Amino acid sequence: MSRLEAKKPPLFISEPLTGDAVSQSLSLLSGILKSSYGPAGRLKQLHNGVGGCVCTTSQSSALLGRLSVSQPVLRVLTASVRNHVSRFSDCGLFTAILCCGFIENFRSLNVVPFTVIKISKHLLSLCMDHLKSEACGCRVSVDFSSVETLVCLVRSILTSKPACMLNKTEVDHLTSLVLKAFVFTVPCHVETNAVLGKCVVIPVKGRRVEDSTVLPGLLIEAPEIQLGKPLAVKRTGSNMIKIALFSASMSGDGSNPEEGTIAVHHGVSLEASELNQLLNVGKQLVKDEVGLVVCQKVMHPSLKQYLKEHGVVAVDRAGLSLMEPLGRVTGNRPPIASIHSLPPGCYGSLKDLCLESFASKHFLHLIPEDTVICSLILCNRSETAWDELKRVCETAEHVLQLTVKEPLALLGGGCTETHLASYIRHKSSGLPASTFKDLGCSQTQYQLVADGFCRSLESVARSLSHDGEEVLTDVVYGHCWFVPSGSPCVSRWSDLVSKCGCGVSGNTEDLSWSFLQGQSGSPVVQGCPKEPSVKAADLRTLDCFAAKCSGLQVALETANLILDLSYIIEDQN
């Protein structure tokens, strides 16, 4: 008999942010995230130490999903950022770095957390009001009648992850493919509640990126179908192809425990009975002039052979991930969930069905009459680069969908962050006394928190520098500028910089540059930062408006939650 151990009391940790362990862990996490940020970010290799898959990435979803975080404070932070990424796909590193910056800057202030939280919420409201106003100098309207802004938005996402290992030609090719795929997912006939379609990524590893292509409709891998032979498909009188989509198993083993207990009479073969039922289903499919049968699970070889002999193409093991796009391609019919009944109207239809071959893989190409589903055949030279590229392309598709709902973008390259910091410094210096009274704080306290808020924003912009570049900001537009490391000493900064981080502002006018220093922050801008004239051709980098606005809110709300922690209670049993 094993000895019973006495139950241990819970461990109480008071004021967790003052402990060295939390400070060191937060600093380490912040360093990992900052060094991964942007097109020149350093790659991280993650593995579990006992074998298995090795992931090389600089993406927040892959990093935070594989990092083992033991500190409760950091688990709150990473869970919050991962939730943001699950909803928006973009700006995960921005959110995490900004949140770390808020925590580090706010906790060093000699201001009680309650007051810091109230002031920071007010500063956030100033930021959000500015970002949503027409006068905002870092906001760009996205015109869907022209592709220039959309191309810049997609290219910014593709070039932000160095693990994809893309050159300029490959970036241009993939940008056009992603945009073409997105156009395929937009319904031709707009209804009151229009629903965007889906782009299904088909993996082809070990091939050139330029071999990637996009096709309307859906590709299903069919290794059993011989490419050399013509595909004879049964059609209806209207020259359409009927399709039956099954989610139920058609293997004939009858071993689904979810359906309950089966009573079998003496002398009756359950396997033979199941096979007879499957063949009866096959006869019904042939009678109903079905030309294509797709099963999510396994199909019995005898049923496959029977359907083949009667001119019906059969594909099994389609998998759960393809069922939703398959349903949409074939007319939004729900899959058939049982082999014991074929309800009326359960069949979908296709305009055409043909064979496609890429690398050594054979596919059935399902071509509907009117589709919002397309297939992106995505190629890359190595498995590591392909995995990263797949995540990036899916992010780009999601960002375009978000941009349809809210046709705006924000300037990238650190310019939005430094512009907002300049705006907040200008705005906070001219607030009336009634604002401080309403917030229950002094003007000094407000300025301290505002300075920490701005330094946190600027730390995100500084994180884009990985090779010793000097980071500048101008006092006219509040944009971010990078001076290459090792540049000679000159009397004018305009001799060293040509474009700001986003590409909108040039060095043709006197912008009064100054260093974007670490803890001291940039100098207070005299007057509100101006709105530059934005030309789509000048844009270098754009960020998703919805994702970045959400990231800003999530970063501050998470930081405030962590700052407000007074105890951590851990169960020791």
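Quick note: structure is the one above.
Quantities reported herein were computed from a predicted structural model and do not represent experimental measurements.

**Student:** It is not clear to me how the nonpolar core should be interpreted in this structure. Could you clarify?
**Tutor:** Leu131 and Tyr446 are the most contacted members of the largest nonpolar core, which totals 116 residues. If you count residues domain by domain, this core takes at least three from each of domain 1 (12-138 + 411-570) and domain 2 (143-217 + 377-406). In this structure, Leu131 is in contact with Cys136, Cys138, Arg139, Leu410, Leu420, Phe545, Cys549 and Leu552, ignoring residues within four places of it in sequence. With 32 residues, the next largest nonpolar core counts Leu245, Val294, Leu366 and Cys379 among its residues.

**Student:** Is there a simple way to think about the pattern of salt bridges in this case?
**Tutor:** Side chains carrying opposite charge are able to pair once their charged atoms draw close together. Overall, the coordinates contain 19 salt bridges when judged by the stated rule. A salt bridge links Glu170 to Arg381; the nearest nitrogen and oxygen atoms lie 2.7 Å apart. Of this pair, Glu170 sits in helix 7 (residues 168-184) while Arg381 is found in the loop between strand 14 (373-380) and helix 11 (383-405), placing the two residues 211 residues apart along the sequence. Residue classification places Glu170 among the buried positions, given a relative accessible area of 3%. As a salt-bridge pair, Glu388 and Arg391 come within 2.7 Å of each other at their nearest N and O atoms.

**Student:** Explain the pairing of strand 15 (residues 408-411) to me, please; I cannot follow it from the model alone.
**Tutor:** Residues in a regular strand point their side chains to alternate faces of the sheet. Relative to strand 15, strand 4 (residues 139-141) runs antiparallel, the two sharing three bridges. Residue pairing across strands places Arg139 opposite Leu410, the latter belonging to strand 15. The pairing of strand 15 with strand 19 (residues 542-544) spans three bridges and is antiparallel. Counted as the bridge partner of Ala409 is Cys544 from strand 19.

**Student:** Please explain the sheet that holds strand 17 (residues 480-483) as it appears in this structure.
**Tutor:** Backbone-to-backbone hydrogen bonds pair the strands of a sheet. The strands run either parallel or antiparallel. Read across the sheet, three strands follow the order 17-16-18 without closing on themselves; strand pairing throughout is antiparallel. A single partner strand is all that each edge strand has here, and the edge strands are strand 17 and strand 18 (513-515). Direction aside, the axes of adjacent strands within the sheet are offset by 40° on average. Pairing analysis gives four bridges linking strand 16 (residues 470-474) to strand 17, with the strands arranged antiparallel. Within the sheet, the bridge partner assigned to Thr473 lies in strand 17 and is Cys480.

**Student:** Would you mind going over the packing of helix 6 (residues 148-158) against helix 11 with me for this structure?
**Tutor:** For any two helices packed against each other, one specifies the inter-axial angle together with the distance between the axes. Orientation of helix 6 relative to helix 11, taken along the N-to-C sense of each, is 145°, at an axis distance of 9 Å. Between helix 6 and helix 11 lies a crossing of right-handed hand. Side by side, helix 6 and helix 11 meet where Leu150, Leu153, Val154, Ile157 and Leu158 of the first sit next to Val392, Cys393, Thr395, Ala396, Val399, Leu400 and Thr403 of the second. For the contact of helix 6 with helix 11, the per-class residue count stands at ten nonpolar, two polar and no charged.

Analysis parameters
- Residues numbered from 1 in each chain as written.
- Predicted model: local features only at pLDDT ≥ 70, side-chain atom pairs only at ≥ 80, totals over all residues.
- Heavy atoms only, no water.
- Core = buried A, V, L, I, M, F, W, Y, C linked by side-chain atoms within 4.5 Å.
- Buried < 20%, exposed > 50% of the residue type's maximum accessible area, 1.4 Å probe, protein only.
- Domains from an automatic or database assignment.
- Contact = heavy atoms within 4.5 Å.
- Salt bridge = Lys/Arg side-chain N within 4 Å of Asp/Glu carboxyl O.
- Helix = DSSP H or I, 4+ residues; strand = E, 2+ residues; numbered from the N terminus.
- Pairing = 2+ DSSP bridges.
- Axes fitted to C-alpha atoms, helices over the stretch in contact; angles between N-to-C directions.
- Left-handed = near helix turned anticlockwise from the far one by under 90°.
- Nonpolar A, V, L, I, M, F, W, Y, C, P; charged D, E, K, R; others polar.

Geometry only, nothing functional implied.
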